[in-house]
Amino acid sequence: MPIPDDVTGHEIDQDVRQELLSLPKTLAEDVARNLVMVARLIDEDPEEAYAYSRIALRLASRVAAVREAAGFAAYATQKYAEALAEFRAARRMTGSVELWPVMADCERGLGRPEKAMAMAGEPEVQKLDKAGQVEMRLVAAGARRDMGQLDAAIVTLQSPELASNAVHPWTPRLRYAYADALLEAGREDEAREWFGKALEADKDGATDASDRLAELDGVEFVDALDDEDEPVAADADRDDADEDGTSQA
């Protein structure tokens, strides 16, 4: 697959470049450039990212960073069995537990929430950093919801991290997940409050909390082009509003 000339391979993290030193120089450069393409495309075009990850995997399957990248590309395209196999391979190579939450989420994707819940209780979770433990909590709550245990999911999300006013990269998603679970449980006022808190923390637009709040408040967004296409109908609405003294939203 073609790779733009401006992609040199030096864009990847230093740790990954260090891993690639075990390869011949030209091969290492080829692998690095494919990994850069995976990182560039995984959000906007996951299928394309997956294709680049397969090339990197074919070139250097014994490099843990390559197996991990292949896992995330497969995960992004909902190839959960493949993703899980790659994550397990990467974990065997490194001994790291950092992939434990996404491995558990793959189990959810494969329709095995009970397995995900079992993983949430394993000793590996205690070895995770704070971000990893929050991620594991999110996965466990999702597994509870998969099994129809909505109240348990809500309790799972209730934690010091949720109650804290401090904002971390994972804060918007944690608050959002809690709001979403509350809404499903019919606790609309609380859900609105927590969607608001998620929005406050979400400076990068990682969630659609603003849309969910608007939906709860009954706000409808009208395309400006639609208004231009139907000027007569719009004028008629205004005339109706003038007659009865109310505004048509």
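Residue positions within a chain follow its written sequence, with the count starting from 1. The predicted origin of the model limits local features to residues at a pLDDT of at least 70 and limits the giving and counting of side-chain atom pairs to 80 or more, whereas totals for whole chains, interfaces and linings rest on all residues. Think of the side-chain values as coming from all heavy atoms in the structure, minus any hydrogens and water.

Trainee: Can you explain helix H12 (residues 188–201)? Please cite residues and give values.
Mentor: Residues that lie three or four places apart on an α-helix share one face, since the helix turns once every 3.6 residues. Here a strand is any run of E in DSSP of at least two residues, a helix any run of H or I of at least four, and the numbering for each starts at the N terminus. For a helix, the expected span equals 1.5 Å multiplied by the number of residues minus one. Its 14 residues place the ends of H12 20 Å apart at the C-alpha level, agreeing with the 20 Å of an ideal helix rising 1.5 Å per residue. Those residues of H12 not exposed but buried are Ala191, Trp194, Phe195, Gly196, Ala198 and Ala201. The classification of residues rests on relative accessible area computed with a 1.4 Å probe and restricted to protein chains. Under 20% of the type maximum is buried, over 50% is exposed, and intermediate values are partly exposed.

Trainee: Run through helix H4 (residues 64–76), naming residues and quoting values.
Mentor: If you check H4, its first and last C-alpha atoms are 18 Å apart, about what 13 residues at 1.5 Å a residue would give, namely 18 Å. By the burial criterion, the buried members of H4 are Ala64, Ala65, Val66, Arg67, Ala69, Ala70, Gly71, Ala73 and Ala74. For H4, the secondary structure elements touched by its buried residues are helix H1 (14–20), helix H2 (25–41), helix H3 (46–59) and helix H5 (80–94). Directly after H4, the chain includes Gln78, whose backbone phi takes a positive value near 65°. Only heavy atoms matter for contacts: two residues are in contact if any of them lie within 4.5 Å across the pair.

Trainee: Break down the side chain of Asp202 for me, with residues and values.
Mentor: When you line up the elements, Asp202 lands in the loop between H12 and helix H13 (209–216). Counting rule applied: Lys, Arg positive; Asp, Glu negative; His and chain ends not counted. The rule for a salt bridge is simple: a side-chain nitrogen of Lys or Arg has to be within 4 Å of a carboxyl oxygen of Asp or Glu. Buried and without a salt bridge, Asp202 has Lys203 as its closest oppositely charged side chain, separated by 8.8 Å. In terms of polar contacts, Asp202 uses its side chain to reach the side chain of Thr207, at 2.7 Å. Setting aside chain neighbours within four positions, we find Asp202 in contact with Pro172 and Thr207. N or O atoms closer than or at 3.5 Å make up a polar contact, with two conditions inside protein: a donor-capable atom paired with an acceptor-capable one, and, for residues adjacent in sequence, both atoms drawn from side chains.

Trainee: Account for the packing of H4 against H5, naming residues and giving values.
Mentor: Relative orientation of the contacting elements H4 and H5 amounts to 160°, with a least axis distance of 8 Å. Between H4 and H5, the crossing angle belongs to the class labelled roughly antiparallel. In terms of crossing hand, the pair formed by H4 and H5 is left-handed. Taken together, the residues of H5 that come into contact with H4 (itself represented by Ala64, Arg67, Glu68, Ala70, Gly71, Phe72, Ala74 and Tyr75) are Tyr80, Glu82, Ala83, Glu86, Phe87, Ala89, Ala90, Met93 and Thr94. Residues were grouped as follows: Ala, Val, Leu, Ile, Met, Phe, Trp, Tyr, Cys and Pro as nonpolar; Asp, Glu, Lys and Arg as charged; and all remaining residues, including Gly, as polar. Split by residue class, the contact of H4 with H5 holds 11 nonpolar, two polar and four charged. To define axes, lines are fitted to C-alpha atoms, for helices over the stretch in contact only, and angles between the resulting N-to-C directions are given on a 0 to 180 degree scale. Reported orientations rely on four angle classes, namely roughly parallel under 35 degrees, roughly antiparallel over 145, roughly perpendicular from 65 to 115, and oblique for the rest. Crossing handedness is read from the near helix: turned anticlockwise from the far helix by less than a right angle, it gives a left-handed crossing, and turned clockwise, a right-handed one.

These values are about where atoms sit, not about what they do.
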